[in-house]
Amino acid sequence: MRLASLTDRYLARLITMPLVGTLVVAAMLLVLDKMLRLFDFVASEGGPVSVVWKMLANMIPEYLSLGIPIGLMLGILLAFRRLALSSELDVLRALGVGYGRLLKVPYMFAIALAALNLAIVGFVQPYARYAYEGLRFELRSGALGASIKVGEFTRLGSRMTLRVEQSRDSGRDLSGIFVMTETRDGKSLAVTAERGTFMATDDPDVIILRLSNGTLVHDAPGFRTPRVLSFVGHDLPIDLPKMEAFRQRGGRDLEMTMPELVMTARDPETPQQTRNELRANFHFRLVEVATMFLLPLLAVALAIPPKRSTSSLGVFLSIVMLVTQHKINEYGEALGALGRVDPLISLWVPFLGFAGLTWWMYYTIAFVPGGQPIGALERWAAKAGKALKRWWPFGRRLEAAA
């Protein structure tokens with residue numbers, strides 16, 4: 001009993017480090033990739049840089065839902081691979097500790113992380129996705145205080161155009177200003193000024209552009225010639241464009257929690273196409289979580305290389321299989337959303353096939369004497385590696401030196 005307890009703690013330590021490391025690295029890679037695109041998007045919309053960090057924070061739940069299965073898989077796989085390469089696995093099995101007993105700790109991790117992932121994809125991620133889309137909407141509509149783009153003509157409403165040469169102090173101090181306004185009755189006003197500053201008013205829908213040292217040209221259908229006026233100071237009121245309210249949450253299936261998906265799909269007033277999309281997304285989330293219960297078996301099957309071998313083919317193959325399964329699920333969701341195939345078939349039949357393959361691989365490594373589920377691939381990879389060394393000039397030199 002004490003041996004089992006010590007073994008469990010030892011396995012837990014072996015799994016925790018690669019699991020946490022993989023999760024952090026995967027999340028950081030996804031965040032860095034998204035960060036570059038968000039900086040470009042925010043800069044093109046003229047929004048404040050601080051909004052990038054808010055948008056990234058709302059993407060973290062989605063990245064965690066993708067990284068947790070990979071971290072679980074690699075954590076268990078690398079732990080058992082270390083046991084196998086150090087012959088500790090052989091010692092434990094000689095002492096009567098079978099694979100079923102060794103899987104106790106991995107399944108404790110799998111159950112806990114599957115529950116966490118279900119909470120993320122079922123409840124946290126929909127709210128985070130809605131907040132992310134809300135920030136995108138506010139950036140596009142200018143509700144986040146988008147700055148005037150220097151050197152470009154900026155439309156303020158439907159009848160005013162503004163251009164500035166320089167902007168300082170976060171847009172509060174402008175220089176080299178040109179403003180052109182038009183009214184519905186044909187009147188126009190063109191203003192150039194050396195400097196300008198935006199001033200707030202009591203009316204939240206109106207701001208004042210206070211101009212200094214400029215020229216004003218006023219034209220109207222009744223004027224023979226435009227009127228020209230030089231000024232030292234002039235206040236130009238600007239009507240802020242009306243901001244369209246952002247839609248309510250739930251406009252898309254990714255913004256619905258899992259209970260909301262079920263209730264909306266069962267609503268008789270929901271269109272059939274929308275019902276298909278909701279059902280497909282619901283089953284997609286369930287399949288993604290259910291797949292995590294297969295990962296301990298798959299990780300053990302791929303972690304143990306053949307005797308007298310240190311091949312890492314299983315590590316590579318585990319990532320390929322997990323990514324392939326995820327892409328098959330996405331394709332099954334797309335088919336279910338189109339209504340061509342029922343989601344119960346397009347998503348759960350591939351899952352059962354993956355489960356059958358996983359069980360066969362685990363059964364081979366655990367119960368077949370000398371069994372190696374990827375033995376043929378291991379032998380092929382070894383032969384390919386030797387051939388590559390002989391073909392590669394550097395490899396030939398090493399072989400000759402040996």
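The name given to the protein chain in an unreviewed UniProt entry is Lipopolysaccharide export system permease protein, and the organism recorded there is Edaphosphingomonas laterariae. Word for word, the UniProt comment on the protein chain under Subcellular location (unreviewed entry) is "Cell membrane".

**Examining the overall build of the protein chain**
Helices and strands together make up the secondary structure of the protein chain, namely 13 helices and 6 strands. Buried residues in the protein chain amount to 41% of all 402 residues. Partitioning the intrachain contacts of the protein chain with sequence separation of at least 6 by distance along the chain shows that 64% fall at a separation of at least 24. Of the accessible surface of the protein chain, which amounts to about 22600 Å², a share of 63% is contributed by carbon and sulfur atoms.

**Some points on the pattern of salt bridges**
The tally for this structure, following the rule as stated, stands at 10 salt bridges. With a closest N to O distance of 2.7 Å, Asp33 and Arg37 form a salt bridge. Residue Asp33 and its partner Arg37 are located together in helix H1 (residues 2-45), separated by 4 residues, close to a single helical turn. Put simply, Arg129 and Glu62 hold a salt bridge, and the shortest N to O gap is 2.8 Å. Of the two residues, Arg129 sits in helix H5 (residues 104-141) while Glu62 sits in helix H2 (residues 50-85), which places them 67 residues apart along the sequence. Among the residues examined, Glu62 registers a relative accessible area of 21% and is labelled partly exposed.

**A closer look at the sheet that holds strand S4 (residues 188-200)**
If you walk across this open sheet you meet the 6 strands as S1-S2-S3-S4-S5-S6, and the pairing is antiparallel. Either end of the sheet is taken by a strand with one partner, and the two such strands are strand S1 (154-155) and strand S6 (227-239). Both strand S3 (residues 173-182) and S4 contribute to a ladder of 8 bridges, which runs antiparallel. In the strand pairing of S4, Val179 is matched with Val191.

**Re the packing of helix H8 (residues 295-303) against helix H11 (residues 348-367)**
Between H8 and H11, whose axes approach to 8 Å, the crossing angle comes to 45°. By the angle between their axes, H8 is oblique relative to H11. Note on packing geometry: the crossing formed by H8 with H11 is left-handed. Here Leu297, Leu298, Val300, Ala301 and Leu302 of H8 lie close against H11, whose contacting residues are Phe354, Thr358, Trp359, Met361, Tyr362 and Ile365. Looking at the contact of H8 with H11 residue by residue, the class counts come to 10 nonpolar, 1 polar and no charged.

**Some thoughts on the UniProt feature "transmembrane region" (unreviewed entry) in the protein chain**
UniProt annotation of "transmembrane region" (unreviewed entry) refers to residues 12-32, 63-85, 105-124, 282-304 and 345-363 when read in the numbering used here. In the segment residues 282-304, helix accounts for 83% and strand for 0%; the C-alpha atoms at its two ends are 35 Å apart. Counted over residues 345-363, helix gives 95% and strand 0%. Its end C-alpha atoms are 26 Å apart.

**With respect to the pairing of S4**
In sequence, S3 turns back onto S4 through a hairpin of 5 residues, with Gly186 there showing a positive phi of about 95°. With 12 bridges connecting them, S4 and strand S5 (residues 206-219) associate as antiparallel partners. Residue pairing for S5: Ala190 is matched across the bridge by Val217.

**Quick look at the nonpolar core**
Ranked by size, the top nonpolar core spans 53 residues in total, and within it Leu72, Phe80, Tyr99, Leu302 and Tyr362 carry the most contacts. Look past the residues within four positions of Leu302 in its chain and what remains in contact with it is Leu77, Gly314, Leu317, Ser318, Met321, Met361 and Ile374.

**A short note on the packing of aromatic side chains**
Where two aromatic rings form a pair, the distance of their centres and the angle of their planes describe that pair. Scanning the entire structure with this criterion turns up 5 aromatic pairs. Measuring from ring centre to ring centre gives 5.4 Å for Trp348 and Phe351, while their planes differ by 85°; the resulting arrangement is edge-to-face. In this pair, Trp348 and Phe351 are both assigned in helix H11, 3 residues apart and thus about one turn of the helix distant. Here the aromatic rings of Tyr363 and Phe367 are separated by 5.3 Å at their centres, their planes lie at 40°, and the arrangement is tilted. Here Phe367 and Tyr363 lie together in helix H11, a separation of 4 residues that amounts to about one turn. Of the aromatic side chains, those joined through ring pairs into one cluster are Trp359, Tyr362, Tyr363 and Phe367. Above the ring of Phe223, the side-chain terminus of Arg227 is found at 4.0 Å from the ring centroid.

**Some words on the environment of Leu174**
Its location among the elements puts Leu174 in strand S3. With a relative accessible area of 1%, Leu174 lands in the buried category. With 21 residues separating them along the chain, Leu174 and Arg195 place their C-alpha atoms 5.6 Å apart. When residues no more than four places from it in sequence are discounted, the contact partners of Leu174 are Val164, Gln166, Ser167, Glu194, Arg195, Gly196, Phe198 and Leu209.

**Thoughts on the pairing of strand S2 (residues 160-168)**
In the case of a regular strand, side chains alternate between the two sheet surfaces. Where S1 and S2 come together, 2 bridges link them in antiparallel fashion. Note on S2: the bridge partner recorded for Thr154 is Leu162.

Reading guide: rules and limits
As a convention, each chain's residues are numbered from 1 in the sequence order in which they are written. Since the coordinates come from a predicted model, pLDDT governs what is reported: local features require at least 70, and pairs of side-chain atoms require 80 or more to be given and counted, while whole-chain, interface and lining totals use all residues. To obtain the side-chain values, all non-hydrogen atoms of the structure were used and water was disregarded. UniProt positions are given in the numbering used here, feature names are shortened, and annotations may be inferred rather than shown by experiment. Comment: elements are numbered from the N terminus, with helices defined as DSSP H or I runs of at least four residues and strands as E runs of at least two. The classification of residues rests on relative accessible area computed with a 1.4 Å probe and restricted to protein chains. Under 20% of the type maximum is buried, over 50% is exposed, and intermediate values are partly exposed. Contact definition: two residues touch when any of their heavy atoms are within 4.5 Å. Note on areas: these come from Shrake-Rupley sampling with a 1.4 Å probe, and a residue is covered only by the protein chains present in the view. The working definition used for a salt bridge is a side-chain nitrogen of Lys or Arg within 4 Å of a carboxyl oxygen of Asp or Glu. We treat two strands as partners when DSSP finds at least two bridges between them. Axes, fitted as lines to C-alpha atoms, cover a helix only where it is in contact. Angles between the N-to-C directions of the axes lie from 0 to 180 degrees. Orientation is classified from the angle alone, with under 35 degrees giving roughly parallel, over 145 giving roughly antiparallel, 65 to 115 giving roughly perpendicular, and any other angle giving oblique. Left-handed describes a crossing in which the near helix is turned anticlockwise from the far one by less than a right angle; the clockwise case is right-handed. Polar here means any residue other than Ala, Val, Leu, Ile, Met, Phe, Trp, Tyr, Cys and Pro, which are nonpolar, and Asp, Glu, Lys and Arg, which are charged; Gly is therefore polar. Among the buried residues, those of types Ala, Val, Leu, Ile, Met, Phe, Trp, Tyr and Cys that are joined through side-chain atoms within 4.5 Å form a nonpolar core. We call Phe, Tyr and Trp rings a pair once their centres come within 6.5 Å, taking the six-membered ring for Trp, and we label the pair stacked below 30 degrees between planes, edge-to-face above 60, and tilted otherwise. Look at NZ for Lys and CZ for Arg. If either is within 6 Å of the ring centre and within 35 degrees of the ring normal, a charge sits over the ring.

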